[in-house]
Amino acid sequence: SLAAGLPPSSRAAMGACHGCPCSQSGPDDHGVWVEEVTGKRRALLVGINYRGSSSELNGCINDIENQKRVLIEQYGFVESDILTLSEDESRDRSPTKDAIIAGFKWLYTDAGSGDLLFFQYSGHGSQIMTVSGQADCICPLDCLHRPWPDSVIVDTEIHQHLYAPLPRGCKAIALFDSCHSGTVANLVVKRDFGAKAPKGRYMKPPQELKVTEAHLVEVAGSGIRKAVTREEYAGHQLWVFSGCKDSQTSADAYVDGTYQGAFTSAFLKALKLDVWHDSYIDLLEQTKTNLRGYTQIPALTTTHASYLASSYCGRIPQAPVAKSLELNVSHRKALLVGINYRHTRNELRGCINDVNNQKCILKAAYGFQDSEIMMLTEDECQSNWPNKARIVEGMQWLVKDARPGDLLFFHYSGHGSQMTDSTGCEPSGMSDCICPLDCDKPWPEHIILDTEIHQHVYSELPDLVKLVCLFDCCHSGTVANLKCKRALDGPNAMSPQSYGATRFLEPPAHVATPSRPSAGCAFGCGRRPAMKPASGFRRSVAGSDTYGDKLVFVYSGCQDNQTSADAYEDNQYQGAFTWACIAALKSSRFSSDHGALLNSIRDKLRGRYGQIPALSTTTMEHFSRYYLGQRQPVYLPNSRRF
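Residues numbered from 1 in each chain as written. Predicted model: local features only at pLDDT ≥ 70, side-chain atom pairs only at ≥ 80, totals over all residues. Heavy atoms only, no water.

*Asks:* I keep staring at the overall build of the protein and nothing clicks. Help me out?
*Replies:* Scanning the protein from N- to C-terminus turns up 14 helices and 25 strands. Counting over 642 residues, the protein shows a buried share of 60%. Partitioning the contacts of the protein with sequence separation of at least 6, the portion at a separation of at least 24 is 79%. For the protein, the computed accessible surface area is about 24500 Å², with 49% contributed by carbon and sulfur atoms. (Helix = DSSP H or I, 4+ residues; strand = E, 2+ residues; numbered from the N terminus. Buried < 20%, exposed > 50% of the residue type's maximum accessible area, 1.4 Å probe, protein only. Contact = heavy atoms within 4.5 Å. Areas by Shrake-Rupley, 256 points an atom, 1.4 Å probe, with all protein chains shown as cover.)

Structural data, given as structure tokens:
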């Protein structure tokens, strides 16, 4: 679990930091800017193989060469601002203790607010006894022939030269791929994980400085944590990744045909995935996943719990043509469906306004163009009326030719409903559905079941394509009931006192009666439906990896047993959920992670509507990703109305 009161789940941490800098890219409690990197980027990379000695390693220099390549290619560093110390460099860049200390001083030369400083050490670590007690240390090249502790760099020296000089508003990231590095930078918040195996980057200290079992018991849990909890570090923005826990060894390994550190290799692989666009906690979790097969357990330490959800390396430099957008978005498409069912007994008033407002937001804040948005409403030409066949065509258009890096968006505002389940898989005996304009014709031919949404959208979604869906309708809580669902519990609030229709359509009598669940699932799941606690189509993905690698985020306007309100807000008829969602986005300047956005939507609805929104996705790691990939705040004229 995380220290400093952070819940065990990284998604819970994300939910707990609503209003903090990690969700709004704004000043934190100490008045410093967390996300933005407005100044220079500078890196000190130290890799030591100890060639020709009994302590020789093979992969440390490769580690920092690989890291250097990533910093330049993916994070906007330039080669002249990267100092590399290794045995492959010239003599004045040999990784001795004096050279490393001088490197720290170079790193901080003219550093100021808005800058990003990066440090990596790959080499041996160790532990020694000093006059102050047990100390972790890293081992410069000259520790092979010079007396300890004068030739090693102990943890307190790392604080003195690397952390203490950090200017306010300047970020520092450090990676230690060495043994016993878990407390080399044991800051206030610590997150480490479990994993599995081999050879270590640990150098035995001289016998007279060896840490005994008694010493370990005496100083258990100390390290340098106490020094960092002092108020003098409260305003610092520090993130430190450690290759292993305090009691473990970091592996010098042979990976992908070359010698390199197991931790550094796993870390850089994570950076090559979508994770490198996201938060520190995402990066740590992916690194842990990549380390399966090794016993070492990576750790992340930082000065404030909220910083775990901040963007790694601040923000990636933006392309001039899309200044406020993530670089990983290749193409965008949006399908917006709003149905008011005009001149019927099921008429609603706010659904078309919902999608019109959503279209304005997508264009103004998220870079969508008119040509990338398909609108299906009664206000469109008759060929784009939201009948079932046209909505299905729209779903197929949405996913057609999608490629990794694309961003897809689907919004449905209208009636939802339930009908008799014919699969035998629904414990309730009812299947959830959405209701196209022509749903006055026979069911189920003219409704869209939850399973059909999977068939036409999720099953067709390529890996590494982001899909965000919003369902502002009743019984939508399981319309996209993927593997992980975050529903927010809370007491029902009062119903709106003015206009307030519900977005639930009573099904025809012949499909309104729950079916009797069969003894086995028609989908071949091999379990009795009564054993499945969730309804909708959760069972098509729960417990399987079918959608595990897909980037799917689905917002539902209410819980399974609730109704989504068609309301009157801001002098306009609109869905209560859609209104709250847009209001929350505006409050965050259109830059929020999914979990913080969900909490903000709930805050907007609390005390006004009884519905409680839900967010579903394929893995827990996705809750801290940014909504529509947007990290940078977007400032729109106050006069603009949505």
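*Asks:* Quick question: what am I supposed to make of the nonpolar core here?
*Replies:* The nonpolar side chains of a soluble globular protein tend to be buried, and buried together. Core analysis: the largest hydrophobic core is formed by 41 residues, its most contacted members being Phe119, Tyr121, Leu162 and Phe176. The element that contributes the greatest number of residues to this core is helix α4 (residues 97-107), accounting for five residues. Sequence-distant contacts of tyrosine 121, defined by excluding residues within four places in its chain, comprise Val46, Ile48, Tyr50, Ile138, Cys139, Leu175, Phe176, Asp177 and Ser178. (Core = buried A, V, L, I, M, F, W, Y, C linked by side-chain atoms within 4.5 Å.)

*Asks:* Sorry, what's going on with the environment of leucine 605 here?
*Replies:* Inspection of the secondary structure assignment puts leucine 605 in helix α14 (residues 594-605). By relative accessible area, which is 1% here, leucine 605 ends up buried. Considering only alpha carbons, one finds leucine 605 and tryptophan 579, 26 residues apart in sequence, at a separation of 9.1 Å. In contact with leucine 605, not counting residues within four places along its chain, are Ala576, Phe577, Trp579, Ala580, Gln611 and Pro613.

*Asks:* What should I look at first to understand the packing of helix α3 (residues 60-75) against helix α8 (residues 262-272) in this one?
*Replies:* The axes of two packed helices give the description: the angle between them and the distance between them. It is the contact of α3 with α8, at a shortest axis distance of 10 Å, that shows an interaxial angle of 15°. Between α3 and α8, the crossing angle belongs to the class labelled roughly parallel. Crossing hand, α3 versus α8: left-handed. Seen from α3, the contacting residues are Asp63, Asn66, Gln67, Val70, Gln74 and Tyr75; seen from α8, they are Thr264, Phe267, Leu268, Leu271 and Lys272. Within the contact of α3 with α8, the residues separate by chemical class into five nonpolar, four polar and two charged. (Axes fitted to C-alpha atoms, helices over the stretch in contact; angles between N-to-C directions. Parallel < 35°, antiparallel > 145°, perpendicular 65-115°, else oblique. Left-handed = near helix turned anticlockwise from the far one by under 90°. Nonpolar A, V, L, I, M, F, W, Y, C, P; charged D, E, K, R; others polar.)

*Asks:* Is there a simple way to explain the sheet that holds strand β18 (residues 448-449) in this structure?
*Replies:* The pairing of strands in a sheet happens through backbone hydrogen bonds and is either parallel or antiparallel. In spatial order, the strands read β16-β17-β18; together these three strands make up an open sheet with antiparallel pairing. Of all the strands in the sheet, the pair left with one neighbour each is β16 (416-420) and β18. Judged from the two bridges that link them, strand β17 (residues 430-434) and β18 form a sheet pairing that is antiparallel. When the sheet's bridge partners are listed, isoleucine 434 is paired in β18 with isoleucine 448. (Pairing = 2+ DSSP bridges.)

*Asks:* Is there a simple way to think about the packing of α4 against helix α5 (residues 155-163) in this case?
*Replies:* One can describe the packing of α4 onto α5 by two numbers: an axis separation of 9 Å at closest approach and a directional angle of 35°. Of the residues in α5, those touching α4 at Lys97, Ile101, Phe104 and Leu107 are Glu157, His161 and Leu162.

*Asks:* I keep staring at helix α13 (residues 576-587) and nothing clicks. Help me out?
*Replies:* Each full turn of the α-helix corresponds to 3.6 residues, which orients residues three or four apart in the same direction. Between its terminal C-alpha atoms α13 stretches 16 Å, which fits the 16 Å expected from 12 residues at 1.5 Å a residue. Extensive coverage of α13 is indicated by the burial of 10 of its 12 residues. Those residues of α13 not exposed but buried are Ala576, Phe577, Thr578, Trp579, Ala580, Cys581, Ile582, Ala583, Ala584 and Leu585. Two residues or fewer past α13, arginine 589 is found with a positive phi of approximately 55°. (Expected span 1.5 Å × (residues − 1).)

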